[in-house]
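Working through the structure, step by step
Read off the chains here:
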Amino acid sequence: MKFHYKPILMTAVTAAMAITACAAPAPQAANYPSKNLTILAPANPGGGWDQTSRLMQKTLSEEKIVSVPVEVVNKGGAAGTIGLAEFVTKNKGDTHTIMTMGGVMVGGIHLNKSPVNLKETVPLARLTGEYSVIAVPANSKFTTLKELMDAYKADPKSVVWGGGSAGGTDHVLIGLLSKAVGVSGDKINYVGYAGGGEAIAAVIGGQVTAGVSGFTEWSEQVKAGKMRFLAISSEKKLPGDSTPTIKEAGYDVTISNWRGVVAAPGTDAATQKAMIDMLSKMRESKSWKEALVKNNWDDLFLTGEAYGKFIESEDKVFKDVLTTIGVLK
Amino acid sequence: MDIFSNLIAGFGTALTPENLLFGLIGVVLGTAIGVLPGIGPALTISLLLPLTFGLNPTSAFIMFGGIYYGAMYGGSTTSILVKTPGESASVVTALEGYEMARRGRGGAALATAAIGSFVAGTIATIGLMLLARVLADFAVLIGAPEYFGIMLLALTAVTGLGGDSAPKAMFATVLGLGISMIGIDLQTGQARFTFGVPELLNGVEVVAAAVGLFAVGEVLWNAGTGKNSQDEVIKTIGTLMMNRDEWRRSIPSWIRGSILGFIVGVLPGAGATVATFLSYNLEKRSSKTPEEFGKGSIEGVAGPEAANNAAAGGAMVPLLALGIPGSGTTAVMLAALQQYGLNPGPLFFDKNPTLVWGLIASLYIGNLLLLILNLPLVGLWVKMLDIPKPLLFSGILMFALVGVLAQNGGTVDMLILIALGLIAFFMTRHGIPIAPAILGVVMGPLVEQEFRRALSIGRGDPTIFFQRPMAAAMLALCVIAVLVPIIASRRKKSA
């Protein structure tokens, strides 16, 4: 009988950190990182940022990209802005702590009137992203995004949108689409649910006219014939999937729920480069690529200055749209 | 029959020594974290996720199932003995359970909770096995107007929690509703009652509120009134286990609680906590001795304890049959399935029969393990009450604070806990009941969000609540629930 003693033992003590801390040290040419590396996940365990952080921890250690122990620390709450506030103040000048973040935080900074923002951090890399889909129940009369948007334009209140909490990526996508067809923000009838999972029932039960969520979150519902995807928010069709993009339907709108990492304020250019090199190696590794496929995350790797510019442009988009849809006043 | 051959194959999967071991680890771990306030099954499973990569999915899920049920049980132990609910579904248990413990029937309360959980688990497993697909299709037809009716009905339980003074109960309820609205509003994204404190943006968690108001309040009250510990030593009266009368009263409650809990658990928008309040309400209304409620009624423990376990089983229906998570824990289990490249959805049963039926069988085995583990331990748990009061209470305070600290690592949460304890202290001092405030915290966001969702879905037309037969029926029940006690008391007075 083959028992997996290690997981059993670890499980019993729930010492999640211990495993990676035990990884054997490997010879390393570069001198970064020179001491224990901490990844700050600005979310409670379980969510996307936590999963990304733990995947980074696992890949960096197991692929022997770094020879020091890597630790994940959770500091959740308020769309990551609580973690951000701590990172910007307490970790200033700390070159051995990096923080996971993403589009949700960019929106959250405005939404929560956060006193600190991402400009104070040093951009490292955008890593992954998930695209959003617009879906209707299988028995809906709408078969294309154009039909739905035409009905919406004619009578905005006749379309009830369902998705994640107000002000999040899902809501922002509806805001962008409304703008594209000239429906003003105060006419949007948007119903917020605690997440894509909770919204499934509202869509397949026909409670809402159409719903927005991450592609993978709902793809099984489509395979089972309960839902129909009208469009996806990516630039191009996803490989192996026939869902047309929003652009193909004639609306110039793209959006992704992207995630990335930043370094603390005060990180010098040389260290920033060493950090980016470390993340590039991670992204090239086999286990990172496999994990991306498993989680259905797209590789959106973009580093340094280009990434910083991207954060700025996202910031502008979020601010504009959140104001239009009436979330920001 | 197809289902039975599948289930037998499922037991075959679950009963390998390796999987049994994981099931055992799961229930032990689950019981332990259920005892700690703040650390719930959702958090535990998500922390364990990276460690279970190397396991095959069946073993991992057998362990997760054990954690889920174990937490449901562990949470009730501390609820009963020291009024410290370990998770939100055992908040109601503290109401009657703690009073029973004070009367010296703590052993019986623990026993009825354990056996009730087992009975409920059995009924829920059978329900899951036979009705999963039918119920899943029914569950998605329930929309916001119906949920609003269900939530409002649960909120009418307040008429049973009020004690003697209706205005005081109303005050407590409104206070609870106010606390529940702290944080970012889901429908508009606006911050409410946060006073610029970022930690308040996420709101006050149900468990933190319950532990603060119940446990910390109780500790402060005992310390503040300075009662000599000798006065209130709780001694076991009669048998440790349930006596004949307690058995007779528990059995119908278990069955009612199980059926109610299972049905509510199946609805993805409701969940185990709502089920416990509805069950408490039902028990009080069907009891021959409603005046005992609030003073340690065994029905008030048996019903909700059965309901929360049955709801945990019921929540597996939308998860496995549709891929819809109905609670925080099932949401994490969904994430876990996705890590294995398994996407639960309407085709999940057909594509992964081994895993699904193995999981169903292991849930059942988990229940049995819990009963075997916990019944002999009842005597040991009750001994906890022999600890001198000052030590016991400082211990509770420490556990409560460590629990919230472990969850988020922030001092603000601990301050919130203490503030709530102080509020509870003054409420007790002025004879204001605590339980309605907790009911307000639990039900507030649910009632409010569903109400506003329903209005959005109805394009602003309030008649949506009466156009849909089930919603209308629920609201009619609410009216009856509120009016009947008033009319009854008027009659009594005039007679």
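Here the structure is a predicted model, which is why all the values come from computation and not from measurement.

Turning our attention to the overall build of chain B. Assigned secondary structure in chain B consists of 22 helices and two strands. The C-alpha atoms of chain B give a radius of gyration of 22 Å, which matches the 23 Å a tight globule of 495 residues would have. If you line up chain B on its principal axes, its C-alpha atoms span 60 × 55 × 55 Å. Residues classed as buried in chain B amount to 60% of the 495 residues present. Restricting the contact set of chain B to residue pairs at least 6 apart, pairs at least 24 apart contribute 79%. Accessible surface, chain B as shown: approximately 18400 Å² in total, 70% of it carbon and sulfur. Placing the 29 positive and 27 negative side-chain charges of chain B at their respective mean positions leaves the two points 8 Å apart.

Residues and elements named next belong to chain B. Closest axis-to-axis distance for the helix α2 (residues 17-35)/helix α4 (residues 57-82) pair is 6 Å, and the angle between their directions is 30°. Here α2 lies roughly parallel to α4, going by the angle between them. The chirality of how α2 crosses α4 is right-handed. Tallied by class, the residues present in the contact of α2 with α4 amount to 10 nonpolar, 13 polar and one charged.

A word on the pattern of salt bridges. All names here are of chain B. Tallying each qualifying case throughout the model produces 30 salt bridges over all chains. When the shortest N-O distance is used, the salt bridge between Asp 245 and Arg 248 registers 2.6 Å. Placement of both Asp 245 and Arg 248 in helix α10 (residues 244-266) is noted, with a separation of three residues, approximately one turn of the helix. The partner of Glu 299 in a salt bridge is Arg 249, with the nearest N and O atoms 2.7 Å apart. Taken together, the residues Glu 299 in helix α12 (residues 299-314) and Arg 249 in helix α10 connect sequence positions 50 residues apart. On the accessibility criterion, Glu 299 (8% relative accessible area) is buried. Using a relative accessible area of 15% as the deciding quantity, one classes Arg 249 as buried. Several salt bridges share partner residues, and in doing so they unite Asp 245, Arg 248, Arg 249, Glu 292 and Glu 299 into one network.

With that settled, consider the side chain of Glu 450 of chain B. All names here are of chain B. Examined against the element boundaries, Glu 450 turns out to sit in helix α20 (residues 435-457). For Glu 450, a relative accessible area of 5% translates into the label buried. Here the side chain of Glu 450 touches Arg 453 through a polar contact of 3.3 Å, side chain to side chain. Setting aside its immediate chain neighbours within four residues, Glu 450 contacts Ala 144, Tyr 147, Phe 148 and Met 151.

With that settled, the discussion passes to the domain arrangement of chain A. All names here are of chain A. One can read the domain layout of chain A as domain 1 (13-129 + 257-323) and domain 2 (131-255). Computed over C-alpha atoms, the centres of domain 1 and domain 2 are 29 Å apart. Together domain 1 and domain 2 conceal approximately 900 Å² of surface at their shared face, both sides included; 69% is due to carbon and sulfur atoms. Three residues stand out in domain 1 for area buried against domain 2, namely Asn 257, Phe 318 and Val 321, and they jointly supply 43% of the buried area on that side. One can count zero salt bridges joining domain 1 with domain 2. The tally of links from domain 1 across to domain 2 stands at zero residue pairs in polar contact (both at pLDDT 80 or more). Counting residues per element, the side of domain 1 that touches domain 2 draws most heavily on helix α12 (residues 304-324), at five residues. Partitioning the side of domain 1 that touches domain 2 into residue classes produces seven nonpolar, three polar and two charged.

Attention now moves to the pairing of strand β3 (residues 97-102) of chain A. Residues and elements named next belong to chain A. The element β3 is largely enclosed, with a buried count of six among its six residues. The alternating pattern of β3 places Thr 97, Met 99 and Met 101 on one face and Ile 98, Thr 100 and Gly 102 on the opposite face, and all of these are buried. Direction of pairing for strand β1 (residues 37-41) relative to β3: parallel, over a ladder of three bridges. Bridge assignment links Ile 39 to a residue of β3, and that residue is Ile 98. Bridging between β3 and strand β9 (residues 256-263) involves five bridges; their strand directions are antiparallel. Looking at the pairing, Gly 102 lines up with Arg 259 of β9.

On to the nonpolar core. Formed by 229 residues in total, the largest nonpolar core has its most connected members in Trp 161 of chain A together with Phe 61 and Phe 64 of chain B. Domain assignment of the residues forming this core places at least three in each of domain 1 (13-129 + 257-323) and domain 2 (131-255) of chain A. Ignoring anything within four residues of it in the chain, the contact list for Phe 64 of chain B reads Ile 45, Leu 48, Leu 49, Thr 52, Met 333 and Ala 336 of chain B. The next biggest cluster of nonpolar side chains, apart from the first, holds 29 residues, and it includes Tyr 32, Leu 60, Met 278 and Ala 291 of chain A.

The next point concerns the interface of chain B and chain A. Taken together, the 55 residues of chain B in the interface contact 53 residues of chain A. Where chain B abuts chain A, roughly 4600 Å² becomes buried across the two surfaces, and 61% of that area is made up of carbon and sulfur atoms. It is Leu 51, Leu 186 and Arg 459 of chain B in chain B that bury the most area against chain A; as a group they hold 12% of the surface buried on that side. At the surface where chain B touches chain A, the tally comes to zero salt bridges. At the boundary of chain B and chain A, one finds eight residue pairs in polar contact (both at pLDDT 80 or more). When contributions to the side of chain B that touches chain A are tallied by element, the ones reaching two or more residues are α2, α3 (41-48), α14 (328-339), α18 (389-408) and α20 of chain B. A per-class count over the side of chain B that touches chain A returns 30 nonpolar, 18 polar and seven charged.

How each quantity is defined
- Residues numbered from 1 in each chain as written.
- Chains lettered and ligands numbered in written order.
- Predicted model: local features only at pLDDT ≥ 70, side-chain atom pairs only at ≥ 80, totals over all residues.
- Heavy atoms only, no water.
- Helix = DSSP H or I, 4+ residues; strand = E, 2+ residues; numbered from the N terminus.
- Rg over C-alpha atoms; globule rule 2.2 N^0.38 Å.
- Buried < 20%, exposed > 50% of the residue type's maximum accessible area, 1.4 Å probe, protein only.
- Contact = heavy atoms within 4.5 Å.
- Areas by Shrake-Rupley, 256 points an atom, 1.4 Å probe, with all protein chains shown as cover.
- Lys, Arg positive; Asp, Glu negative; His and termini not counted.
- Charge placed at Lys NZ, Arg CZ, Asp CG, Glu CD.
- Axes fitted to C-alpha atoms, helices over the stretch in contact; angles between N-to-C directions.
- Parallel < 35°, antiparallel > 145°, perpendicular 65-115°, else oblique.
- Left-handed = near helix turned anticlockwise from the far one by under 90°.
- Nonpolar A, V, L, I, M, F, W, Y, C, P; charged D, E, K, R; others polar.
- Salt bridge = Lys/Arg side-chain N within 4 Å of Asp/Glu carboxyl O.
- Polar contact = N/O pair within 3.5 Å; in protein donor to acceptor, adjacent residues only side chain to side chain.
- Domains from an automatic or database assignment.
- Buried area = accessible area lost by both parts, 1.4 Å probe.
- Pairing = 2+ DSSP bridges.
- Core = buried A, V, L, I, M, F, W, Y, C linked by side-chain atoms within 4.5 Å.

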